[in-house]
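Single-letter residue listing:
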Amino acid sequence: MSLAMKHKKRALAKAENAKARAAGIRPAPVVSPDNYDLQVAIASLDRDLDRLSALDSVADKITLKANELLPKYLPFVDASLAAGELHQNPVLVRSAMWALDVDDMETGMRLADACVAQQQLAPEHFKRDLPTFFAETVADWAERQLKENASGSPWIDQVCERLADNTWPTTNDIVRGKVFKVAGQLAEANGDRQAALDHYRRAQEENPRAGCKQRIDKLTTQLGAGA
């Protein structure tokens, strides 16, 4: 992207933020043109994204993210968060995504929370906003844990909490239903039938096509009429 185009995008973003302020809506952060360290990090990120794109193997991409890119960018991201900086920060966004990609759930959830709290924007080619993307990514991870007879806690439980209290605001009923359904499946696999039933019921409330009705009927019978 040319320098002129970047300036134009920043100007458009500032104009949108001005409209948002007038409407009483908290605007998303924008890149500060005088934040030299951020601009250097973004330029480096662009080069590293090209490196990732050149790799055909998913395994190779995961290795690059885990062994080189996350260790490279996390110190910058953590310093920015510690300083309380509020800019549109694609380095923070990508680091959150990469951490979840490599199953570093603790780091991924921490950075995802920061992204959502700061109203960071998803990369341009993404079709979903970040709360929706993060919620589904963790649900997909939790599904893999279920298949491997491993626990998805506490991460899938935390996502359920963030959706329930709207900390991660998303109107995507399919993703919302998916998160609670997976949480129900994990709870049921762990023998916690009441928690499973509660999650399945919430999944159906979020998405009537979540596919939990048979599990709800079975668990309700098992737990008794008062369940």
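Residues numbered from 1 in each chain as written. Predicted model: local features only at pLDDT ≥ 70, side-chain atom pairs only at ≥ 80, totals over all residues. Heavy atoms only, no water.

Take the packing of helix α5 (residues 105-117) against helix α7 (residues 155-164) next. Geometry of a packed helix pair, given as the angle between the helix axes and the separation of the axes. In the contact formed by α5 and α7, the axes pass within 11 Å of each other and the chain directions differ by 15 degrees. Classed by the angle they form, the pair α5 and α7 counts as roughly parallel. Judged by the twist between their axes, the crossing of α5 over α7 is left-handed. Mapping the contact onto sequence places Met105, Glu106, Met109 and Asp113 in α5 and Trp155, Gln158, Val159 and Arg162 in α7. (Axes fitted to C-alpha atoms, helices over the stretch in contact; angles between N-to-C directions. Helix = DSSP H or I, 4+ residues; strand = E, 2+ residues; numbered from the N terminus. Parallel < 35°, antiparallel > 145°, perpendicular 65-115°, else oblique. Left-handed = near helix turned anticlockwise from the far one by under 90°. Contact = heavy atoms within 4.5 Å.)

Time to look at the confidence of the model for the chain. Averaged over all residues, the pLDDT of the chain equals 88, while 84% of them reach at least 70. Between residues 9-25, whose pLDDT stays under 50, and residues either more than four places distant or in other chains, the model counts 13 contacts. (pLDDT = per-residue confidence, 0-100.)

With that out of the way, let us pick up the packing of aromatic side chains. If you walk through the whole model with that rule in mind, you get 4 aromatic pairs. For the ring pair Phe133 and Phe134, a centre distance of 5.9 Å and an interplane angle of 65 degrees mean the geometry is edge-to-face. According to the relative accessible area criterion, Phe134 is buried, its value standing at 0%. Between the aromatic rings of Phe134 and Trp168, the centroid separation amounts to 6.0 Å while the plane-to-plane angle is 50 degrees, which identifies the pairing as tilted. With Phe134 in helix α6 (residues 130-147) and Trp168 in the loop between α7 and α8 (173-189), this residue pair connects regions lying 34 residues apart in the sequence. Here the aromatic residues Phe126, Phe133, Phe134 and Trp168 are joined through ring pairs into a cluster of three or more. (Phe/Tyr/Trp six-rings, centres within 6.5 Å; stacked < 30°, edge-to-face > 60°. Buried < 20%, exposed > 50% of the residue type's maximum accessible area, 1.4 Å probe, protein only.)

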